[in-house]
Amino acid sequence: MTLIKNKSFKWSLDFTRSKHDKSTDNVSPPGYSQSAGQNGTELSKDSESNRLIIKKSWDLALGPLKQVPMNLFIMYMAGNSISIFPIMMVGMLIVRPVKALFTLQTTFKTIEGTQAWGQKFIFFIGNCVNIILALYKCQSMGLLPTHASDWLAFINPPTRMEYSGGGFVLS
């Protein structure tokens, strides 16, 4: 019994030591450094704020690219039928990136520095990818005029190679 009481386990806390005991087994918490005391606080605050501004501006620039998987899911869920809800979904897939492209300068008005041009370019590319996805969805729904018969009245539309119906054989 006394052997178990005196043995210290790896994850046990010992509250019997005094507060003034300076043992070496205490470790500094993550992110704590002794060198950032009184002499470097102003410099570290300035660099920390610059780092946060750059991080937030890159988050803003990468926002449209982060929306691509969600837009793909919305496109899948909308289906290829021509009805009001899929057309509204595709309309919003086109309108949001176009609005974002028209407000590009006001979006990045407060961002300055060497990385601002790259962030604007990534933001522009992300919105263009979303517009291309929306146009692909319009084409797969048959909303884009891609054949000559869509433009000219005297040309016959392309002939269908296969027909399908609701469970009935069509001859």
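Preceding this paragraph is the structure being described.
Below, the structure is looked at part by part. Given the structure is predicted, the values throughout are model-derived calculations rather than measurements. (Residues numbered from 1 in each chain as written. Predicted model: local features only at pLDDT ≥ 70, side-chain atom pairs only at ≥ 80, totals over all residues. Heavy atoms only, no water.)

With that out of the way, let us pick up the overall build of the protein. The helix and strand inventory of the protein stands at 7 helices and 0 strands. The N-to-C order of helical and strand elements in the protein reads α-α-α-α-α-α-α. Evaluated residue by residue, the protein yields a buried proportion of 16% over its 171 residues. A separation of at least 24 residues holds for 68% of the contacts in the protein among residues at least 6 apart in sequence. Total accessible area computed for the protein in this model is approximately 14700 Å², and 64% of it derives from carbon and sulfur atoms. (Helix = DSSP H or I, 4+ residues; strand = E, 2+ residues; numbered from the N terminus. Buried < 20%, exposed > 50% of the residue type's maximum accessible area, 1.4 Å probe, protein only. Contact = heavy atoms within 4.5 Å. Areas by Shrake-Rupley, 256 points an atom, 1.4 Å probe, with all protein chains shown as cover.)

The subject of this paragraph is helix 4 (residues 68–78). Along helix 4, the positions that sit buried rather than exposed are Val68, Asn71, Met75 and Ala78. Around the axis of helix 4, the buried residues are gathered within 85° of arc, so they sit on the same side. Helix 4 presents Pro69, Tyr76 and Met77 as exposed residues on the side facing more than 90 degrees away from its buried surface. Elements in contact with the buried residues of helix 4: helix 3 (63–66), helix 5 (84–102) and helix 7 (116–141). A positive phi of about 80° marks Gly79, the residue just after helix 4. (Arc of directions from axis to C-beta.)

Looking now at helix 5. With 19 residues, helix 5 ought to run about 27 Å at 1.5 Å a step, and its terminal C-alpha atoms sit 27 Å apart, in line with that. Residues of helix 5 that are buried sit in contact with helix 4, helix 6 (104–107) and helix 7. (Expected span 1.5 Å × (residues − 1).)

In this structure the tally under the stated criterion is 2 salt bridges. Of the charged contacts, one joins Glu48 and Arg51 as a salt bridge, the two residues approaching to 2.7 Å between their closest N and O atoms. Taken together, the residues Glu48 and Arg51, both in helix 2 (residues 41–61) and 3 residues apart, mark about one turn of the helix. The residue Asp59 makes a salt bridge to Lys66 at a minimum N-O spacing of 4.0 Å. What makes Asp59 partly exposed here is its relative accessible area of 34%. Exposure remark for Lys66: the relative accessible area of 54% places this residue in the exposed category. (Salt bridge = Lys/Arg side-chain N within 4 Å of Asp/Glu carboxyl O.)

Here the focus is the side chain of Asn127. Along the polypeptide, Asn127 turns up in helix 7. In this view, Asn127 contacts Pro64, Pro97, Ala100 and Leu101; residues no more than four positions away in its chain are not counted.

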